[in-house]
Amino acid sequence: MAQFFEQYGALLAEGTWETLYMVAMTTLLSYVLGLPMGVALTVTKPGAIAAAPRFNWVFGWVVNILRSLPFLILMLFLTPFTRALVGSSIGETAALVPLAISAAPFVARMVEQSLEEVDGGVIEAAVCMGATRWQVITRVLLVESVPSLLRGLSICIITILGYTAITGSVGAGGLGNIAYRFGFQRYQKEVMYVVVVMIIIFVCVIQTAFDIAARRADKRSR
């Protein structure tokens, strides 16, 4: 074991850093895009505070279409756009473009689901007290749905972590790239096993941390 980490330790450390970089930046970018999308899907539904059924129907279909595209196909399709945007289609920074675009619709639906859990009576009370639409969104919908949003965030991060493994197979770097180059191409199974164990640990840590955060943020558990 000591010999293994002496040989591959630096490589695994670099791959871990690249994976964490891609996950963190993709999560940030996907929420910058996906959070407003999820809010728009929620508040424009029939009977909502900014009801716009036609817009909601069209926008909902756009989100569904984007969600239905397999990530690998979307990544290859976006290669010219990625190259034009960041100057390259290879590397962890280039991978952020397809990762964020693919994750944003998923985030939007997760946010929509979380916002719909807010009690309608709380929203009606805020409106009756003279709250504007913006105040209802920022001070009622988003605040009241924090526990659910945190649980959704954990699912999104874990999903993005899985996406980074796919980007690694096409030269984006990270643990997925190490598993592909050494575990698959060179038949070094021990490298594959270590990478799998590391990813499992990451998933368990992420899920546990956000479960704890969600419970602490849930006013019903106090």
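The model shown is predicted, which means the values in this text are computed figures rather than measured ones.

## Here we look at the overall build of the protein chain
Scanning the protein chain from terminus to terminus reveals ten helices and zero strands. Along its sequence from the N terminus, the protein chain presents helices and strands in the succession α-α-α-α-α-α-α-α-α-α. Counting only residues that meet the buried cut, the protein chain has 41% of its 222 residues in that class. Taking all contacts inside the protein chain whose residues are at least 6 apart in sequence as the whole, residues at least 24 apart take part in 73%. Accessible surface computed for the protein chain: about 12300 Å², of which carbon and sulfur atoms make up 67%. Looking at the protein chain, you have 16 positive and 13 negative side-chain charges, and the mean spots of the two groups are 5 Å apart.

## Comments concerning the pattern of salt bridges
For the structure shown, the criterion picks out three salt bridges. Residue glutamate 112 pairs with lysine 45 through a salt bridge whose shortest N-O separation is 2.6 Å. Note that glutamate 112 is positioned in helix H5 (residues 92–116) and lysine 45 in the loop between helix H1 (2–43) and helix H2 (53–68), a separation of 67 residues in sequence. The network of salt bridges with common partners includes Lys45, Arg109, Glu112 and Glu116.

## Considerations on the packing of aromatic side chains
Taken as a whole, this structure holds three aromatic pairs when the rule is applied. Relative to phenylalanine 59, the ring of phenylalanine 55 lies with its centre 5.4 Å away and its plane at 15 degrees, an arrangement referred to as stacked. With phenylalanine 55 and phenylalanine 59 both in helix H2 and four residues apart, this pair spans about one turn of that helix.

## Remarks on helix H9 (residues 174–185)
In a regular helix each residue adds 1.5 Å, so twelve residues correspond to 16 Å; H9 covers 16 Å between its end C-alpha atoms and thus fits that length. Listed as buried for H9 are Gly174, Leu175, Gly176, Asn177, Ile178, Ala179, Phe182 and Gly183. For H9, the elements touching its buried residues are H1, helix H8 (146–168) and helix H10 (189–217). Remark: tyrosine 187 follows H9 within two positions and exhibits a positive phi of approximately 60 degrees.

## Here we look at the packing of H2 against H5
Each pair of packed helices gets described by two things: the angle between the helix axes and the distance between those axes. Across the interface, H2 lies against H5 with an axial gap of 8 Å and an inter-helix angle of 125 degrees. Relative to H5, H2 is oriented oblique. Both H2 and H5 take part in a crossing whose hand is left-handed. Between H2, through Gly60, Val63, Asn64, Leu66 and Arg67, and H5, the contact on the second element is made entirely by Pro105, Phe106 and Arg109. Of the residues assigned to the contact of H2 with H5, the class counts are four nonpolar, two polar and two charged.

## Structural notes on the confidence of the model for the protein chain
In this model, the protein chain carries a mean pLDDT of 88, and residues with pLDDT of at least 70 account for 97%. Looking across the protein chain, the model is least confident in H9, with a mean pLDDT of 80, and most confident in H2, with 93.

## Describing the packing of H1 against H5
Remark: H1 packs on H5, axes separated minimally by 5 Å, with the N-to-C direction vectors making an angle of 40 degrees. Between H1 and H5, the interaxial angle falls into the category oblique. You can see that H1 and H5 cross each other, and the crossing is right-handed. The class makeup of the residues in the contact of H1 with H5 is 21 nonpolar, six polar and five charged.

## Points about H2
For H2, which comprises 16 residues, the first-to-last C-alpha distance of 22 Å matches the rise-based estimate of 22 Å (1.5 Å per residue) to within 8%. Looking only at H2, the buried set comprises Asn56, Phe59, Gly60 and Val63. Each buried residue of H2 sits inside an arc of 110 degrees when the element is viewed along its axis, so together they form one side. Facing away from the buried surface of H2 by more than 90 degrees, the exposed residues are Arg54, Trp57 and Ser68. Considering only its buried residues, H2 is in contact with H1 and H5.

## A look at the environment of glycine 60
Structurally, glycine 60 can be placed in helix H2. Along the primary structure glycine 60 and arginine 109 are separated by 49 residues, whereas in three dimensions their C-alpha atoms are 9.3 Å apart. Other than its neighbours up to four places away in sequence, glycine 60 contacts Leu41, Phe55 and Arg109.

Basis of the calculations
- Residues numbered from 1 in each chain as written.
- Predicted model: local features only at pLDDT ≥ 70, side-chain atom pairs only at ≥ 80, totals over all residues.
- Heavy atoms only, no water.
- Helix = DSSP H or I, 4+ residues; strand = E, 2+ residues; numbered from the N terminus.
- Buried < 20%, exposed > 50% of the residue type's maximum accessible area, 1.4 Å probe, protein only.
- Contact = heavy atoms within 4.5 Å.
- Areas by Shrake-Rupley, 256 points an atom, 1.4 Å probe, with all protein chains shown as cover.
- Lys, Arg positive; Asp, Glu negative; His and termini not counted.
- Charge placed at Lys NZ, Arg CZ, Asp CG, Glu CD.
- Salt bridge = Lys/Arg side-chain N within 4 Å of Asp/Glu carboxyl O.
- Phe/Tyr/Trp six-rings, centres within 6.5 Å; stacked < 30°, edge-to-face > 60°.
- Expected span 1.5 Å × (residues − 1).
- Axes fitted to C-alpha atoms, helices over the stretch in contact; angles between N-to-C directions.
- Parallel < 35°, antiparallel > 145°, perpendicular 65-115°, else oblique.
- Left-handed = near helix turned anticlockwise from the far one by under 90°.
- Nonpolar A, V, L, I, M, F, W, Y, C, P; charged D, E, K, R; others polar.
- pLDDT = per-residue confidence, 0-100.
- Arc of directions from axis to C-beta.

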